[in-house]
Amino acid sequence: MSAPQATYLADYRPPAYRVTHTELAFELDPSATRVKAGLQLERHPEYEAGESLWLDGEQLKLLSLAIDGRVLGEHEYQLNEQGLSIANVPERFLLETEVEISPEDNTALEGLYRSGSMFCTQCEAEGFRRITFYPDRPDVMATFSTTVIGDATRDPVLLSNGNPTQRGELADGRHFVTWQDPHPKPSYLFALVAGDLHRVEDSFTTMSGRKVALEIWVEKENLGKTDHAMVSLKHAMRWDEQTYGREYDLDLFMIVAVNDFNMGAMENKGLNIFNSAAVLAHPDTATDAAFQRVESIVAHEYFHNWSGNRVTCRDWFQLSLKEGFTVFRDQSFSADMNSAAVKRIEDVSFFRTAQFAEDAGPTAHPVRPDHYIQIGNFYTLTIYEKGAELVRMLYHLAGPEAFRQGSDLYFARFDGQAVTIEDFVDCMAEASGQDFSQFMRWYGQAGTPEIDAHGEYDYANAEYRLILRQRTPATPGQLDKQALHIPIRLGLVGSKSGSDLPLTLGGQSLGSESVIHLCDDEQTFVFTDVHEAPVVSLLRGQSAPVKLHMPYSREDLAFLLVNDSDDFNRWDAGQRLSMLALEDLIAAHRNGVEKVMDSRLSDAFRQLLEEGSGDKAVLAEMLTLPSEAYIAEQQIRVDVDAIHAAREFVRQSLARELRDLWLAVYQANQSDEPYAPTAQQVGQRQLKNVALSYLMSQPDDGVVALAQRQFEAAANMTDVRHALTLLVHGDHEAVSAPALKAFGHKWAHDPLVMDQWFNIQVTRPQADALDRVRFLMEHPAFSLTNPNKVRALIGGFAQNRINFHRLDGEGYRLVADVVIELNRLNPEIAARIITPLTRWQRFDETRQALMKAELERIQAQPLSANVYEVVEMALA
Ligand code: B3K
Ligand code: ZN
């Protein structure tokens, strides 16, 4: 096998031929689907006559090929594994092809495939080339007309993009529907779904008074689980009108739920296809977190209709143009629908853990990479989450009004076009009158910038000097980094008054909170007229995706935890205070010294519990310790065992010392209100369950009985699952074994609940977790071809830090075995499941050697381009 080739941003050239219109006809059959395509092609003015035509095509059986009605002989074109080239083509012509494909053999879940008895598609990024020969690149935008022919009994429902214009019966029990999509789109937004589906209908009246039909299509047994997605969709449609002035543009918007799906969902024009886990929700089967995920993903895909579909990417290097912007949009939407502070805390703790780790590892890449082997590997946290942080910084730099003007300009200027990240940022610069040229470096430079901060208060002159230094660590292929434009939102909190002091900088009054701009390697900011010793509250709301090093004392942190006017920074102060205590305990564990709990941390927690707080969800977040993964991210050399031991020690100390308070909180937050996923209810459940977690880390019979009662009596999955998890993750076999069994029995028919059942078992800290994974892989509800199952069981296990990192290497071996198996079946999922192994350099020598050996074992196999690329990067 020859090594897969890289594609470079610098090599971009416009397509030689554009498609102005595409006519498709599918004759569906599980093993032999026929696809006829008619493409109206036209030479791009930049190219000379005689330029040959290239069409992408993979795993297609070519049956016929004609130009302007004339069938081409075999010598008139060249066919290889990647596609088809034709040398002498006219300036404008009709190309007709017919191919055969086999959906049932498609386990990669890209192109046209089967999920259960349905036919469905996934074309982003390069799946359309597995359906027909086509210039499968986002800068080729065409109108589509699609006729789907299926068996009337097997496929009563036949869907594609746009509006249905014709339907009818055919001979042999077949029928057809023709769909017209009037909006020019790239091939990656094409979709087709067929099967025995049932619809839930609603409608939405747009701001200009047009009535849009809304349909959610599911398999019959899921008909009761669509309400939340429908409500979320209508909220998202209204929000996009109010916030961005964007109105929906077809008469019909459809969502389909599919069980086998590589990602969360896909924004195909007018026909979004969803992983069933990202659209179905019912209080009995889905947790609060799942409800919130449905709301945000439904919104995300809907928002793509403008940020991605109407205005799309010129090439896949610009992926963050649509993803970063759309994540920012869905985050803002969720913040408006729920508690904004909690949403920010959740998003930041996620990206500080997972995206920072990616940016510090061997697969680190810029938000706009300059090369890739498999674009499917670049749907990453960096493209999505860091990309969203860059848009968030632009939003704050421009200010809300100019940002809105910039986005209006962007949508108006580039509607129907495929554009670049510069085009977007230029609109923001134009609308705000600001210069974002230095800011653009964020898109080209990988790695998380680190800021070393230091403050001095000069009492005599009433001055506070803040010294900031920035550095971005070297990343693979990028050794030297340039200074970035880093906006830092801050306040000075009076150490006596506990309130924000007025800020004066360079003689200018800035109010009680401001943003300073760190653009050089080092800068000093002198605040004058500071008449009280301040504690600086830096990087409020995580105003930039950076690591901030500030030598806060524990007293300062305890002070900010109580007094900061910014909820996010109160939470962050608590996290920092916990980290200081944890670092001491990690050192003690390593040195074999007795562990002593930091009383300042217990006091801070006691104060939080006694005072309560307006927002229960914020309080719950403040009472939650940094995760083991986050703690690991703060260490140069990760000590898996010491981290686990230290964190457990803190949890148990807090449980013991504050037992009565936890119990009081647990009892005060019971409720018999009917379930609703409102911010208020979610916060209350979260707080109650945090209290139960602490109680269960120092359990007695009474506490175990509480958890057992919650498991048995709760009327919603959030509480049931939480109680079951605590029972299974503790040593309460006598209670947990029957509970687990009863749960598995009760929900055996529901794949999404069984995923949770798998996940709970393989994330338990006990040493038998690995045996359970092996055992559960044989369970009838498990399947290696279903990505949700693989994520729940194998992905879940890889998050189980102490067991995945077992010193006998068996955890690594198990994951590598699965990668090798999945490499054949589903390369995209294989390349994702391998991620934890790629972080080998962060661990001790023994673990490094074990992880590396597994990567080398994978490398020695015949590999898909996806897995090949990741393994090469990891071992480079
Ligand atoms: N745009 C899709 C990504 C699908 C890519 C799969 N290889 C999901 C989303 O971001 O909305
Ligand atoms: Zn997206």
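Residues numbered from 1 in each chain as written. Chains lettered and ligands numbered in written order. Predicted model: local features only at pLDDT ≥ 70, side-chain atom pairs only at ≥ 80, totals over all residues. Heavy atoms only, no water.

Enquirer: Is there a simple way to explain the packing of aromatic side chains in this structure?
Expert: What describes a pair of aromatic rings is the distance from one ring centre to the other and the angle between the planes of the rings. Under the defined criterion, the tally for this structure stands at 43 aromatic pairs. Between Phe128 and Phe144, the aromatic rings sit 6.2 Å apart at their centres with planes inclined by 75°, giving edge-to-face as the arrangement. Here Phe144 lies in strand 12 (residues 142-151) and Phe128 lies in the loop between strand 11 (118-122) and strand 12, a separation of 16 residues in the sequence. For Phe128, a relative accessible area of 0% puts it in the buried group. Taking 5.4 Å as the distance between ring centres and 55° as the angle between the ring planes, the aromatic pair formed by Phe568 and Trp571 counts as tilted. Taken as a pair, Phe568 and Trp571 lie in helix 10 (residues 567-591) at a separation of 3 residues, close to a single helical turn. Looking at Arg329, its charged tip hangs above the ring of Tyr244, at a distance of 4.5 Å from the centre. (Phe/Tyr/Trp six-rings, centres within 6.5 Å; stacked < 30°, edge-to-face > 60°. Helix = DSSP H or I, 4+ residues; strand = E, 2+ residues; numbered from the N terminus. Buried < 20%, exposed > 50% of the residue type's maximum accessible area, 1.4 Å probe, protein only. Lys NZ or Arg CZ within 6 Å of the ring centre and 35° of its normal.)

Enquirer: I keep staring at the coordination of the zinc ion (ligand 2) and nothing clicks. Help me out?
Expert: By definition of the ideal shapes, four donors in a tetrahedron about a metal sit 109.5 degrees apart, and six donors in an octahedron sit 90 or 180 degrees apart. Protein-derived ligands of the zinc ion (ligand 2) are His300 (NE2), His304 (NE2) and Glu323 (OE), with the metal-ligand distances lying across 1.9 to 2.1 Å. Each donor residue of the zinc ion (ligand 2) belongs to the same chain, and together they define the spacing H-x3-H-x18-E. Residue His304 is located in the loop between helix 2 (288-303) and strand 22 (312-313), and its partner Glu323 is located in helix 3 (residues 319-337); the two are separated by 19 residues in the primary sequence. Since its relative accessible area comes to 0%, His304 is described here as buried. (Donors = N, O, S within 2.8 Å, 3.2 Å for Na, K, Ca; no water.)

Enquirer: What should I look at first to understand the sheet that holds strand 27 (residues 486-494) in this one?
Expert: Sheet strands line up and pair through hydrogen bonds in the backbone, either parallel or antiparallel. Ordered in space as 30-27-32, the 3 strands form an open sheet in which the pairing is antiparallel. Bordering the open sheet on either side are strand 30 (514-518) and strand 32 (534-538), each of which pairs with just one other strand. When strand polarity is set aside, the average angle formed by the axes of neighbouring strands in this sheet is 35°. Where strand 27 and strand 30 come together, 5 bridges link them in antiparallel fashion. Of the residues in strand 30, the one forming a bridge with Ile486 is Leu518. (Pairing = 2+ DSSP bridges. Axes fitted to C-alpha atoms, helices over the stretch in contact; angles between N-to-C directions.)

Enquirer: Looking at this structure, how should I read helix 9 (residues 554-563)?
Expert: Because each turn of an α-helix spans 3.6 residues, side chains separated by three or four positions in sequence point in the same direction. Where helix 9 is concerned, the buried positions are Arg554, Leu557, Phe559, Leu560 and Leu561. Buried positions along helix 9 lie against strand 27, strand 32, helix 10, helix 11 (599-611) and helix 12 (616-622). (Contact = heavy atoms within 4.5 Å.)

Enquirer: I keep staring at the site of ligand 1 and nothing clicks. Help me out?
Expert: In the vicinity of ligand 1 lie 14 residues, with Glu124, Glu267, Glu301, Tyr384 and Glu828 positioned nearest. A distance of 3.2 Å separates an oxygen atom of ligand 1 from a polar side-chain atom of His300. A distance of 3.3 Å separates an oxygen atom of ligand 1 from a polar atom in the side chain of His304. Contact with the protein chains removes 97% of the 340 Å² of surface that ligand 1 exposes when unbound. (Near = heavy atom within 4 Å. Polar contact = N/O pair within 3.5 Å; in protein donor to acceptor, adjacent residues only side chain to side chain. Areas by Shrake-Rupley, 256 points an atom, 1.4 Å probe, with all protein chains shown as cover.)

Enquirer: Would you mind showing me how to read the packing of helix 10 against helix 14 (residues 640-657) here?
Expert: Think of two packed helices as two axes; the pair is described by the angle between the axes and how far apart they sit. Contact pair helix 10 / helix 14: the axes reach a minimum separation of 8 Å and the direction vectors enclose 125°. Judged on the interaxial angle alone, helix 14 and helix 10 are oblique. For the pair helix 10 and helix 14, the sense of crossing is right-handed. Between helix 10, through Leu582, Leu585, Ile586 and His589, and helix 14, the contact on the second element is made entirely by Asp641, Ala642, Ile643, Ala645, Ala646, Arg647, Phe649 and Val650. Each residue belonging to the contact of helix 10 with helix 14 can be placed in one class, and the counts come to 9 nonpolar, 1 polar and 2 charged. (Parallel < 35°, antiparallel > 145°, perpendicular 65-115°, else oblique. Left-handed = near helix turned anticlockwise from the far one by under 90°. Nonpolar A, V, L, I, M, F, W, Y, C, P; charged D, E, K, R; others polar.)

Enquirer: Mind showing me how you'd approach the domain arrangement of the protein here?
Expert: For the protein, the domain assignment lists domain 1 (7-303), domain 2 (317-444), domain 3 (451-544) and domain 4 (747-876). The centre of domain 1, based on its C-alpha atoms, is set 26 Å off from the matching centre of domain 2. Domain 1 puts 28 residues into the contact, and the matching count from domain 2 is 34 residues. Interface area, domain 1 with domain 2, both sides summed: about 2,500 Å², of which 58% is carbon and sulfur. For the pair domain 1 and domain 2, the number of links is 4 salt bridges. Arg246 is the partner of Asp408 in a salt bridge, and the nearest nitrogen-oxygen pair spans 3.6 Å. (Domains from an automatic or database assignment. Buried area = accessible area lost by both parts, 1.4 Å probe. Salt bridge = Lys/Arg side-chain N within 4 Å of Asp/Glu carboxyl O.)

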